[in-house]
Amino acid sequence: MTIQRPRGTRDFLPEETMKRGRARKAMQDVLERWGYQEVSTPTFEHLELFTKKSGASVMEEIYSFPDKGGRDLALRPELTAPVMRMYVSELQNSPKPQRLCYFGNCFRYERPQKGRFREFWQLGAELIGGAKPDSEAEAIALSDQMLKSVGVTCDIHVGYLGLIRSMLGKIDAQHRPQVMRMIDKKEHEALEAFLQEIGQSHLGLQELINLKGKKALDKAIDIAKVLGQVKEPSDILDSNVPSESMQAGRSSARQGRSVDAELRMDEFQETVNLLEAYGVDFKIDFEIVRGLEYYSGTVFEIYAEGLGAQRQICGGGTYELASLFGGKETSSTGFGLGFDRIMEIVQIEEKQTSPVFLVYTPDVKVEAIRIAKTLRRMDPKVPVILDVMGRSLTAQLKAAASAGAGFAIIIGRDELDAGSLTLRDMKEGTQESFTLADIEDRLKMTFLDS
RNA sequence: GCCGGGAUAGGGUAGUGGUUAUCCUGAGGGACUGUGGAUCCCUCGAGCUGGGUUCGAAUCCCGGUCCCGGCCCCA
């Protein structure tokens, strides 16, 4: 019996691996053009890093284990926390802002389905320590460019927690998580009923989240004016919302520590202006709240079609995590792209360099190896393949043909005695004698064109 | 964790409670000891797993594993 892959994991065959590599490179080229530098962090971390960030409830979906020394470790379920941990311990004294990006596998113990696996890849960026509107616009525009670079058309929704959290400040702390959850889950009727029940339906929350785009922004500005007049500083969200207020028995990541979010409508308006300057096509949508307590400013999500139930391919926003990991308070903006979901809908041309086969008779094997060595130093690079099965010339040519070789170089005693080699064009079925140097030149010309 | 559908050579498949389990493709070799993907020949290669029913199970039943889709959740 053969051994199976663990549930929710995948093997990537050469073709798929090549496709993933190209898509990754296309998006990383964009990151590079925007000045983001790649970092990488360990595959496993102390469990505490993730529970601290996202609450104890993530334990249900985390691959955690004690090591032989009794430490509680976890396979990383995401990459923002590790990157911020690294920032706090190694990069706090480096010039601001820090533009970091990453690509790595992550692990979650979840039920696999379309676009969801237990081992998956995230590609993301963090812009640490910049001014909010500028950073937010840059992050959103950057993710837009990255997706465009692989031919993915998508739908960008941008929300603002500064406003939502300030509005929630008018509601009893114990009710806030539930309201957030209902906004996030788009449970409109339940939200309306609940706000009625607690006597807060006058806030305008329902009207706000039902509006999209420019109208939503106008409404938001109106609300902010009213809120601004009556706001008391101490009335902003306090950071000790009791998690008992969560629905009993419910599993959710929304139980982490909350952070302050100031009502700075002017900042959000600036973000919107800058996004327009970047030429990003987006939709203002205050229903985007990303549930989590550490988000503090603009938040955004990007959706794509053709992905079944898992439509979201990117999520991000402005957050405060540095202080949570023991660093100085530093607000950052970041986003993560679901690489596997993007791979499902990517539009990139797949061209493969067709290899060159060295076809030789057994008596000149040593010379064939030397020739292979020369050709492998050539630029542009081209796969050079030597038979290792002791096959006949016929069989070698057959193998070359079925591997899609562009050229075969035939090497035998006759050729070597004449000081030349036979270059066979596999597509045309023609062949000619050349010196090795001439063959190199011809191959260079051919592969430069393609 | 829940619901539904699946699992037969490396890939794709057919079929039946009863001899050597279809077919296509693939892979290796040969016809073709120095020239191609055709053709022909040979070879390799399979009923997820554990139990039950039965004279006999790949087929029927139950559990498990994995896959696909949906729910839940999605840092």
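Computed from a predicted structure; not experimentally measured.

The strand order across the open sheet built from 3 strands is β2-β4-β3, with neighbouring strands paired in antiparallel fashion. Of all the strands in the sheet, just β2 (44–46) and β3 (64–66) have a single pairing partner and so form its edges. Across this sheet, the average inter-strand angle for adjacent strands is 35°, counted without regard to direction. When β2 meets strand β4 (residues 72–75), the two strands line up antiparallel, connected through 3 bridges. Each bridged residue has a counterpart across the sheet, and for E45 the counterpart in β4 is A74. Each of β2, β3 and β4 is contacted by helix α2 (residues 47–54), which is oriented at about 70° to β2, the strand it contacts most.

Moving on: the pattern of salt bridges. The full count for this structure, using the stated rule, is 24 salt bridges. A salt bridge links R24 to E38; its shortest N-O distance comes to 3.5 Å. One end of the pair, R24, is in helix α1 (residues 14–33); the other, E38, is in strand β1 (residues 37–38), with 14 residues separating them in the sequence. Overall, the relative accessible area of 28% leaves R24 in the partly exposed class. The exposure class of E38 is partly exposed, given its relative accessible area of 44%. One network of salt bridges, with partners in common, ties together R10, R20 and D340.

Turning our eyes to something else, we now look at the domain arrangement of chain A. For chain A, the assigned domains are domain 1 (14–345) and domain 2 (356–449). Centre-to-centre, using C-alpha coordinates, domain 1 lies 54 Å away from domain 2.

Time to look at the sheet that holds strand β14 (residues 407–411). With mixed pairing, 5 strands are arranged side by side in an open sheet as β13-β12-β14-β15-β16. The two strands at the open ends of the sheet, each matched to only one other strand, are β13 (384–386) and β16 (430–434). Direction aside, neighbouring strands of the sheet carry axes that sit 25° apart on average. The pairing of strand β15 (residues 421–425) with β16 spans 5 bridges and is classified as antiparallel. Each residue of the ladder has a partner; that of D425, found in β16, is T430. Its contacts with the sheet place helix α13 (residues 393–402) against β12 (356–360), β14 and β15, and it is angled at close to 175° to β12. Contacts from helix α15 (residues 436–449) reach β12, β14, β15 and β16 within the one sheet, and its direction differs from that of β16 by about 135°.

Turning next to helix α7 (residues 188–197). L191, F194 and L195 are the residues of α7 that are buried. With its buried residues spanning 100° around the axis, α7 presents them on a single face. What points out from α7, more than 90 degrees from its buried face, is the exposed set E189, Q196 and E197. Once α7 ends, the next one or two residues include G199, with phi positive near 70°.

This next bit is on the packing of α1 against helix α4 (residues 132–149). Axis separation between α1 and α4 bottoms out at 8 Å; the angle between their running directions is 145°. At the point where α1 passes α4, the crossing takes the right-handed sense. Two secondary-structure elements touch here, α1 through A26, M27, V30 and L31 and α4 through L142, Q145, M146 and S149. When the residues that make up the contact of α1 with α4 are grouped by side-chain class, the tally is 6 nonpolar, 2 polar and no charged.

Parameters at a glance
Residues numbered from 1 in each chain as written. Chains lettered and ligands numbered in written order. Predicted model: local features only at pLDDT ≥ 70, side-chain atom pairs only at ≥ 80, totals over all residues. Heavy atoms only, no water. Pairing = 2+ DSSP bridges. Helix = DSSP H or I, 4+ residues; strand = E, 2+ residues; numbered from the N terminus. Axes fitted to C-alpha atoms, helices over the stretch in contact; angles between N-to-C directions. Contact = heavy atoms within 4.5 Å. Salt bridge = Lys/Arg side-chain N within 4 Å of Asp/Glu carboxyl O. Buried < 20%, exposed > 50% of the residue type's maximum accessible area, 1.4 Å probe, protein only. Domains from an automatic or database assignment. Arc of directions from axis to C-beta. Left-handed = near helix turned anticlockwise from the far one by under 90°. Nonpolar A, V, L, I, M, F, W, Y, C, P; charged D, E, K, R; others polar.

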